[in-house]
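Here are the chains, one letter per residue:
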Amino acid sequence: MAVLNVLIYPDDHLAQVCEPVTEIDDALRAFIDDMFDTMYDHEGIGLAAPQVDVQKRVITMDIEGDKTNQIVLINPEIIASSGETGIEEGCLSIPGARALVPRKEFVTVKALNRHGEEFTLEADGLLAICIQHEIDHLNGVLFVDHISKLKRDRIREKMLKLKKQIARAKE
Ligand code: NI
């Protein structure tokens, strides 16, 4: 169990298309536990592996944040979607920034669980939005890629300043 370092935008490692998982073993399950630790430590409701610099198609989610309904999605695929929705989204890799992002209202996602078993999940509301946000991460897409260049550049400047502060604090 460990809290991992979360990459902050802009970072090339957040902009890559991640590889599908080919082996679901104890090492992967230990990594998933670390992802949950990291997510709760940062008070997030979802985390994608590339955010902790692992370019694999793995997502952890807990939209209530009370550990009663933890969701793991390995190699997820949205197989159906409908409706339009959108909320002010945030991201652990873009701390403090929020923006309205258009999303599908309903999604059906197919994935493997931590034991390698395939399952299908139908989601709406916050869960559906979270699934789309996290799957975007696996394709190197962040919520800022869905907003205007003007807004994105403003957030980018803020994050570059934040990264400098963090680097200075570590010196
Ligand atoms: Ni995010």
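Described below are features of the structure shown in this document.

What counts and what doesn't
- Residues numbered from 1 in each chain as written.
- Predicted model: local features only at pLDDT ≥ 70, side-chain atom pairs only at ≥ 80, totals over all residues.
- Heavy atoms only, no water.
- Helix = DSSP H or I, 4+ residues; strand = E, 2+ residues; numbered from the N terminus.
- Rg over C-alpha atoms; globule rule 2.2 N^0.38 Å.
- Buried < 20%, exposed > 50% of the residue type's maximum accessible area, 1.4 Å probe, protein only.
- Contact = heavy atoms within 4.5 Å.
- Areas by Shrake-Rupley, 256 points an atom, 1.4 Å probe, with all protein chains shown as cover.
- Lys, Arg positive; Asp, Glu negative; His and termini not counted.
- Charge placed at Lys NZ, Arg CZ, Asp CG, Glu CD.
- Phe/Tyr/Trp six-rings, centres within 6.5 Å; stacked < 30°, edge-to-face > 60°.
- Donors = N, O, S within 2.8 Å, 3.2 Å for Na, K, Ca; no water.
- Pairing = 2+ DSSP bridges.
- 1 Å grid on protein atoms, 1.4 Å probe; cavity = no way out; pocket = protein on both sides within 12 Å on 5 of 7 lines; lining within 4 Å.
- Points joined across faces, edges and corners; volume = space filled by probe spheres on them.
- Nonpolar A, V, L, I, M, F, W, Y, C, P; charged D, E, K, R; others polar.
- Patch = residues over 30% accessible without salt bridge, like charges linked within 9 Å, V, L, I, M, F, W, Y side chains within 5 Å.
- Salt bridge = Lys/Arg side-chain N within 4 Å of Asp/Glu carboxyl O.
- Expected span 1.5 Å × (residues − 1).

With that out of the way, let us pick up the overall build of the chain. A count of helices and strands for the chain gives 3 helices and 7 strands. Over its C-alpha atoms the chain spans a radius of gyration of 16 Å, differing by no more than 12% from the 16 Å that the globule rule assigns to 171 residues. Judged by the C-alpha coordinates and their principal axes, the chain covers about 45 × 40 × 30 Å. For the chain, the residues scored as buried account for 43% of the 171 residues in total. Sequence separation of 24 or more characterises 65% of the internal contacts of the chain that already satisfy a separation of 6 or more. As displayed, the chain has an accessible area near 9,100 Å², and 49% of this comes from carbon and sulfur atoms. Side chains of the chain carry 20 positive and 30 negative charges; the gap between the two charge centres is 10 Å.

On inspection of all chains with the given rule, the structure shows 1 aromatic pair. Measuring from ring centre to ring centre gives 6.1 Å for Phe-36 and Tyr-40, while their planes differ by 20°; the resulting arrangement is stacked. Of this pair, Phe-36 and Tyr-40 both sit in helix H1 (residues 26-41), 4 residues apart, roughly one helical turn.

To continue, consider the coordination of the nickel ion. Looking at the metal site, the nickel ion is ligated by Cys-91 (SG), His-133 (NE2) and His-137 (NE2), spaced 2.1 to 2.3 Å from it. One chain supplies every donor for the nickel ion, spaced along it as C-x41-H-x3-H. Separated by 42 residues along the polypeptide, Cys-91 in the loop between strand E4 (85-89) and strand E5 (99-103) and His-133 in helix H2 (residues 125-138) bring together distant segments of the chain.

The alternating pattern of E5 places Ala-99, Val-101 and Arg-103 on a buried face and Leu-100 and Pro-102 on a face that is not buried. Bridge count between E4 and E5: 5 bridges; the pairing is antiparallel. The partner of Glu-89 across the bridge, within E5, is Ala-99.

The next subject is the layout of surface pockets. The volume enclosed by the largest pocket comes to roughly 420 Å³. Contributions of two or more residues to the lining of the largest pocket are made by E4 and H2. The dominant element in the lining of the largest pocket, judged by the number of residues it contributes, is H2, at 6 residues. Partitioning the lining of the largest pocket into residue classes produces 10 nonpolar, 7 polar and 5 charged. Quantified by volume, the second largest pocket comes out at close to 240 Å³.

Together, Ile-45, Ile-87 and Leu-126 make up an exposed nonpolar region whose accessible area comes to about 210 Å². Turning to its location among the elements, Leu-126 is positioned in helix H2.

This paragraph deals with H1. Here H1 spans 22 Å end to end across 16 residues, near enough to the 22 Å set by a 1.5 Å rise per residue. Listed in full, the buried residues belonging to H1 are Leu-28, Arg-29, Phe-31, Ile-32, Asp-34, Met-35, Phe-36, Asp-37, Thr-38, Met-39 and Tyr-40. In this fold, the buried residues of H1 make contact with strand E1 (46-48), strand E2 (58-61) and strand E3 (71-82). One or two positions beyond H1, positive phi appears at Glu-43, with a value near 55°.

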